[in-house]
There are 2 protein chains.
Amino acid sequence: MDEFVSTFTNRLDAKGRVSIPAPFRAVLAKDGFDGLYCCQTLDQQAVDAGGNLFRERIRELLARYPAFSPDHDYLSTTLAGDSEILKIDPDGRVVLSDKIRDYAGIADQVTFVGQIYKFQIWEPQRFNAYRDEAKARLRALRQAEPGHRAVSADSGASG
Amino acid sequence: MDEFVSTFTNRLDAKGRVSIPAPFRAVLAKDGFDGLYCCQTLDQQAVDAGGNLFRERIRELLARYPAFSPDHDYLSTTLAGDSEILKIDPDGRVVLSDKIRDYAGIADQVTFVGQIYKFQIWEPQRFNAYRDEAKARLRALRQAEPGHRAVSADSGASG
DNA sequence: CCGGATTCCATTGACCCCCATGAAATACCC
DNA sequence: GGGTATTTCATGGGGGTCAATGGAATCCGG
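Report follows, based on the coordinates.

Procedures and definitions
Residues numbered from 1 in each chain as written. Chains lettered and ligands numbered in written order. Predicted model: local features only at pLDDT ≥ 70, side-chain atom pairs only at ≥ 80, totals over all residues. Heavy atoms only, no water. Salt bridge = Lys/Arg side-chain N within 4 Å of Asp/Glu carboxyl O. Buried < 20%, exposed > 50% of the residue type's maximum accessible area, 1.4 Å probe, protein only. Phe/Tyr/Trp six-rings, centres within 6.5 Å; stacked < 30°, edge-to-face > 60°. Helix = DSSP H or I, 4+ residues; strand = E, 2+ residues; numbered from the N terminus. Near = heavy atom within 4 Å. Polar contact = N/O pair within 3.5 Å; in protein donor to acceptor, adjacent residues only side chain to side chain. Contact = heavy atoms within 4.5 Å. Buried area = accessible area lost by both parts, 1.4 Å probe. Axes fitted to C-alpha atoms, helices over the stretch in contact; angles between N-to-C directions. Parallel < 35°, antiparallel > 145°, perpendicular 65-115°, else oblique. Left-handed = near helix turned anticlockwise from the far one by under 90°. Nonpolar A, V, L, I, M, F, W, Y, C, P; charged D, E, K, R; others polar.

**So, the pattern of salt bridges**
Residues and elements named next belong to chain A. All chains considered together, the criterion is met by 25 salt bridges over all chains. With its nearest N and O atoms 3.7 Å apart, the salt bridge here joins Asp132 to Arg131. In this structure Asp132 comes out as partly exposed when scored by relative accessible area, which is 44%.

**Here we look at the packing of aromatic side chains**
Within the structure shown, the criterion is met by 20 aromatic pairs over all chains. For the ring pair Phe68(A) and Phe54(B), a centre distance of 6.3 Å and an interplane angle of 35° mean the geometry is tilted. Note that Phe68(A) is positioned in the loop between helix 2 (52-63) and helix 3 (70-81) and Phe54(B) in helix 2 (residues 52-63), a pairing that runs across two chains. An identical accessibility class is assigned to Phe68(A) and Phe54(B); each is buried.

**Some remarks on the protein's contact with DNA strand C**
All residues in the neighbourhood of DNA strand C are listed as Arg17(A), Lys87(A), Pro90(A), Asp91(A), Arg93(A), Lys15(B), Arg17(B), Asp89(B), Pro90(B), Asp91(B) and Arg93(B). Counting only the atoms of DNA strand C that lie within 4 Å of the protein, the sugar and phosphate share comes to 39%. The side chain of Lys15(B) places a nitrogen or oxygen atom 3.2 Å from a base oxygen of DNA strand C. With respect to DNA strand C, the side chain of Arg17(B) contributes an N or O atom lying 3.2 Å from a base oxygen.

**Describing the interface of chain B and chain A**
Residue-level contacts link 43 residues of chain B with 43 residues of chain A. Both faces considered, chain B and chain A share a buried interface measuring about 3,500 Å² in area, 56% of it formed by carbon and sulfur atoms. Run the count over chain B and chain A and you get five salt bridges. Between Glu3(B) and Arg59(A) there is a salt bridge whose closest N-O contact spans 2.6 Å. Put simply, chain B and chain A have 14 residue pairs in polar contact (both at pLDDT 80 or more) between them.

**What about the packing of helix 2 of chain B against helix 3 (residues 70-81) of chain B?**
Residue and element names in this part refer to chain B. Look at helix 2 against helix 3: their axes get within 10 Å of each other, and the N-to-C directions meet at 165°. Between helix 2 and helix 3, the angle falls in the class roughly antiparallel. For the pair helix 2 and helix 3, the crossing hand works out as left-handed. Touching Ile58, Leu61 and Leu62 of helix 2 are His72, Leu75, Ser76 and Leu79, all from helix 3. Residue composition of the contact of helix 2 with helix 3, by class: five nonpolar, two polar and no charged.

**Some details on the environment of Phe127(B)**
Mapping Phe127(B) onto the fold places it in helix 5 (residues 124-144). When its relative accessible area of 3% is taken as the criterion, Phe127(B) is described as buried. For the pair Phe127(B) and Phe112(B), spaced 15 residues apart in the sequence, the C-alpha separation amounts to 9.4 Å. With sequence-adjacent residues up to four places away left out, Phe127(B) is seen in contact with Thr77(A), Thr7(B), Thr111(B), Val113(B) and Trp122(B).

Encoded structure:
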């Protein structure tokens, strides 16, 4: 498997360490990046994390703006300066920085949410709320879609 | 690691020395440039710093303007004439010049901000303000991205 | 000799690596 | 199928290492 899928919740220990879910570790290992590249999400109180594939997306975004332009520096300040590379220990754990813990509101548990080429790091309660909201929005959007009845708003997938 | 990523804040000692963050030192070592090339940023009260890769970008920028043109001379005045090469001591520290300290408003602490091919040197408070501004700018730019609303207001790449 | 700069050394506190434990899932054998 | 052995994983802790910092010693030009 080479994509981040599914959701896992693990505990932080007394030293602030938390195990990256084994399936995610496998993806990171295949990706080849040494460490875990993390940056804050813009719209939620969560963190995006990944490896080389994720970094590649960030580089592509930056490459669209010329060096030394104000926008380039704005973007690189947020996308590079405001991100962190967490070290993964031999047991597959990372220590979340204070910045990450504060931003995401993480106390003693962490939820890892697979998103194909990256995954997100959440405080479990906040993620639950976000997931419910996302689902509601998706439903509303489908209601507004012309012809949505052909598929039906609530068939099959339960989440 | 071959890019400047993340943000670090270190203290100046009584002699005006400050440690370059170890991850940045590693990038500089790989880059091969002996010392730290510094020049004032064009748009903020901060300093751009880096090694050979950074200097290469400056050359590329200057090459876009015809020699002897006013714009070329404006740029080279700042990017070359107003630049300094700081010496890195055996413990990975530099002494910031008075010019740099005055321009950036640095007193006793320095914030180093990774920006991939270069990093910036800030007075910590000023950087905090700039970081917030940068994040707002990124939000604005993303709003303008075509297709970012495909599913809902806050889906898609947040980083 | 003197002041400034540069190199060397020491301390301390955080981080990283190794090992141990227990639980759960899987494989294996009867 | 049932029961057991084995592996995989999440979690807990201890000790060594490295980086940031402060200060002393040395070198240099005046």
